[in-house]
Amino acid sequence: MEGILRHLRRDIFEVFIYVVLPKDAKDEFFASIKAHADSIVHLPHNVLLSKRTILDDDLDVLVFPEISMDPLTYLLAHFRLARKQAVWWGHPETTGIPTIDYFISMDVEITGASAHYTERLYKLKGIGTYYADPADALSYDMLNHTHAKLKLIAEIIRNDDSKSDAEMLSNIRIYTCAQSLFKLHPEHFDIAVAKILASDPHAHIVLFRGRIAQWTENVLRRLGENIARQSFNSGEDQSSNKMNRVHFIRRRQHTGFLNVLLGSDVVLDTHPFGGGVSNLEAFSVGTPVITHPDVYLRGRLTLAFYREMRLGSRFVRYDISEYAQLAIETANYPTDELRRLIYDRKKLLFSNRRAVEEWERFFIFACQTLNLKSLHGIMNKYIQEPKRNF
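Residues numbered from 1 in each chain as written. Predicted model: local features only at pLDDT ≥ 70, side-chain atom pairs only at ≥ 80, totals over all residues. Heavy atoms only, no water.

Trainee: It is not clear to me how unusual backbone geometry should be interpreted in this structure. Could you clarify?
Mentor: Along the chain, His-271 connects to Pro-272 via a cis peptide bond; the corresponding omega equals 10°. Within the element layout of this structure, Pro-272 appears in the loop between β10 (266-268) and α10 (277-284). Positive phi is not limited to glycine here, since Asp-58 has a value of about 55°. Of note, Asp-58 is situated in the loop between α3 (47-55) and β3 (59-64). A positive phi angle, near 60°, is found at Arg-310, a position not held by glycine. With respect to the helices and strands, the residue Arg-310 is situated in the loop between α11 (301-308) and α12 (320-331). (Helix = DSSP H or I, 4+ residues; strand = E, 2+ residues; numbered from the N terminus.)

Pasting the structure below:
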C-alpha cells in the first residue's frame, strides 16, 4: 500500500493512517507512509479507545489492508467506523463481517467469484499494487545466477571438494519453495516434490526453516513419510533416500533471501494457498515461478502476476503431475532464455501506475452512494485532469 499512498492525488483525497504496530517498529516503508499521510495516528491497544479515535475523524472510506492477522484490527472491523468500509487482499479471504462493505480484489477472479465473499466484490484491473522492484538497480548481467547458485550449493551440500564448480552446476538443479511451512499442503506439495525427486535425479528441494523449530521437524517427518509412500506405490527403487535431496536452510534478511531466489533454478508456488510478495521478489531477480492456481483468490495471485507480465499460462499448470513436469522442464532448461524473459517483463509488475489510478477509481466509486456535496466536482476534476507523470 505504501506506493499507492505515495502517489494518490492529494487535490482530491485526504489520507488518514492508523497504526497498530508498536511505536518503535519503524522501517523505510513506515517512514515513507508517514511522509505521505495527511494524518497518522498510533492506535492504543484498547478497542473502545481506538474506535473513538477513528470515529472522531469522520471518514468517508476506511480500508483495512487485511483482516484477521491482527487482533485489534479484527475487532475494530466489527464496528461501523466510516461511511463505507473495505478490506484488501493482504489476507485473501472473505471476512464474514457484516460491517465490511467491499472486498477489493483483482480481475483474476473466476466467473461467479462474488459467491466466495460476504462483502461486495470489487475487482481492480490488473494487480492493484505499486510495489518497488527490489532489484531495480541491477542489470540482467549484474544478477549473477551462477555465483548465487554456487553459494547456495555450498550451503546445502557441505564439504564436497571432489567436484569442480562446473560439475556442481551441471549436476544440481535447485527447486526452491519460499513460502511459509504452513502453506505446504500434504496432498499437493508432498506429491509434487515426490514426483520431482523421482523424475529428476539432479533435483534438490530447498525450503526455509520455520520460525518455530517444531514446525520444521513436523514438515520434515511428514515429507519423508509421504515421499516414501509415493515411491512404494509407484514401484520405484527404494535403495536411494530421496530425503537427502531435501534441504531446510536458515531464514535470512531481505538481501540474503533475494540471493537464494537468484540462485534457484526454479521456484515452486504452493497450492491451494499460494505466494504473493515472495513470488514478486523471485520475478525481480529473473527466476521463474511454477504455479498451480486455485479457484479462490488465495491461490491465484501468481497467475495474476503472469497475466500482468503478458506471459499467459507459460509457467502455469492446473494438475499436480503437469505442475511437477513443468517445474522439471524449467529447472533443466538449457539456456538462460526463461530467466531473461522474466527479467525483461518484470517492469510491467513493479511501480505499476495503473494500480494507483484503479485505487482512485475505487475511492470515488465507494463515495458515489454517499450523496457528498463535493463528489460531483471531484469527479469532474478527476475526469478532466490530464494523466500524471509518476
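That was the structure; now back to the text.
Trainee: Is there a simple way to explain the pattern of salt bridges in this structure?
Mentor: A side chain with one charge may pair with a side chain of the opposite charge, provided their charged atoms come close. Evaluated as defined, the whole model comprises 15 salt bridges. The closest approach of N and O atoms between Arg-222 and Asp-190, which form a salt bridge, is 2.7 Å. On the criterion of sequence distance, the pair formed by Arg-222 in helix α8 (residues 213-233) and Asp-190 in helix α7 (residues 189-199) is long-range, its members being 32 residues apart. For Arg-222, a relative accessible area of 22% corresponds to the partly exposed category. One connected set of salt bridges, linked through shared partners, spans Asp-58, Asp-60 and Arg-83. (Salt bridge = Lys/Arg side-chain N within 4 Å of Asp/Glu carboxyl O. Buried < 20%, exposed > 50% of the residue type's maximum accessible area, 1.4 Å probe, protein only.)

Trainee: Quick question: what am I supposed to make of α7 here?
Mentor: Count 3.6 residues to each turn of an α-helix, and residues three or four apart come out pointing the same way. What α7 keeps buried is the set Phe-189, Asp-190, Ala-192, Val-193, Ala-194, Ile-196 and Leu-197. Among the structural elements, β7 (173-177), β8 (203-208), α8, β9 (246-249), β10 and α12 are those in contact with the buried residues of α7. (Contact = heavy atoms within 4.5 Å.)

Trainee: Honestly, the sheet that holds β10 in this entry has me stumped. Any pointers?
Mentor: By definition, the strands of a sheet pair up through backbone hydrogen bonds, in either a parallel or an antiparallel sense. With respect to topology, 5 strands assemble into an open sheet ordered β9-β8-β7-β10-β11, the strand pairing being parallel. Strands with a single pairing partner mark the edges of an open sheet, and in this sheet they are β9 and β11 (289-290). Pairing between β10 and β11: 2 bridges, direction parallel. When the bridges of β11 are listed, Leu-268 appears paired with Ile-290. (Pairing = 2+ DSSP bridges.)

Trainee: Would you mind showing me how to read the nonpolar core here?
Mentor: One recurring pattern in soluble globular proteins: nonpolar side chains tend to sit buried together. Counting 121 residues, the largest nonpolar core has Tyr-175, Ile-196, Leu-207, Leu-223, Tyr-306, Trp-359 and Phe-362 as the members making the most contacts within it. A total of 8 residues in this core trace back to one element, the largest contributor, which is helix α14 (residues 353-367). Discounting residues that sit within four places of it in the chain, Phe-362 has contacts with Val-61, Val-63, Ala-86, Tyr-102, Ile-104, Tyr-122 and Leu-124. (Core = buried A, V, L, I, M, F, W, Y, C linked by side-chain atoms within 4.5 Å.)

Trainee: Is there a simple way to think about α11 in this case?
Mentor: Among the 8 residues of α11, 7 are classified as buried, and the element is accordingly described as predominantly covered. Looking at α11, one finds that the buried residues are Leu-301, Thr-302, Leu-303, Ala-304, Phe-305, Tyr-306 and Glu-308. Elements that come into contact with the buried residues of α11 comprise β5 (102-106), α10, β11, α13 (337-345) and α14. Where α11 ends, the next residue or the one after it, Arg-310, has phi of about 60°, a positive value.

Trainee: What am I meant to see in the sheet that holds β5 here?
Mentor: Read across the sheet, 4 strands follow the order β3-β4-β5-β6 without closing on themselves; strand pairing throughout is parallel. The two strands at the open ends of the sheet, each matched to only one other strand, are β3 and β6 (120-124). Pairwise comparison of adjacent strand axes, ignoring direction, gives a mean angle of 30° for this sheet. Here β3 pairs with strand β4 (residues 82-87) via 5 bridges, running parallel. Following the sheet pairing, Val-61 is matched in β4 by Lys-84. The sheet strands contacting α14 are β3, β4, β5 and β6, and the helix crosses β3 at an angle near 130°. (Axes fitted to C-alpha atoms, helices over the stretch in contact; angles between N-to-C directions.)

Trainee: Help me understand a positive patch on the surface in this model?
Mentor: Taken together, the side chains of Lys-151, Arg-158, Arg-209 and Arg-250 present a region of like positive charge at the surface. With respect to the secondary-structure elements, Arg-209 resides in the loop between β8 and α8. The exposure class assigned to Arg-209 is partly exposed, which follows from its relative accessible area of 37%. (Patch = residues over 30% accessible without salt bridge, like charges linked within 9 Å, V, L, I, M, F, W, Y side chains within 5 Å. Areas by Shrake-Rupley, 256 points an atom, 1.4 Å probe, with all protein chains shown as cover. Lys, Arg positive; Asp, Glu negative; His and termini not counted. Charge placed at Lys NZ, Arg CZ, Asp CG, Glu CD.)

Trainee: Teacher, can you tell me more about the packing of helix α5 (residues 145-156) against helix α9 (residues 254-263) here?
Mentor: When two helices pack together, their arrangement is given by the angle between the helix axes and the distance between those axes. Contact geometry for α5 and α9: axes closest at 7 Å, N-to-C directions at 105°. Judged on the interaxial angle alone, α9 and α5 are roughly perpendicular. Contacts between α5 and α9 involve His-145, Ala-148, Lys-149 and Leu-152 on the former and, on the latter, Asn-259, Val-260, Leu-262 and Gly-263. Here the contact of α5 with α9 is built from residues that sort into 4 nonpolar, 3 polar and 1 charged. (Parallel < 35°, antiparallel > 145°, perpendicular 65-115°, else oblique. Nonpolar A, V, L, I, M, F, W, Y, C, P; charged D, E, K, R; others polar.)

Trainee: Got a minute to help me understand the packing of aromatic side chains in this structure?
Mentor: Any aromatic ring pair is given by two values, namely how distant the centres are and how the planes are angled relative to each other. Scanning the entire structure with this criterion turns up 16 aromatic pairs. Pairing Trp-88 with Trp-89 gives two aromatic rings, centres 4.7 Å apart and planes at 45°, and the pair type is tilted. The buried category is assigned to Trp-89, whose relative accessible area is 9%. Their ring planes at 65° and their centres at 5.0 Å tell us that Tyr-122 and Phe-362 sit as a pair that is edge-to-face. Linking Tyr-122 in strand β6 with Phe-362 in helix α14, this pair joins segments that are 240 residues apart in sequence. In this structure, Tyr-122 and Phe-362 share a single accessibility class: buried. For Arg-314, the ring lying beneath its charged end belongs to Phe-315, and the centroid distance is 4.8 Å. (Phe/Tyr/Trp six-rings, centres within 6.5 Å; stacked < 30°, edge-to-face > 60°. Lys NZ or Arg CZ within 6 Å of the ring centre and 35° of its normal.)

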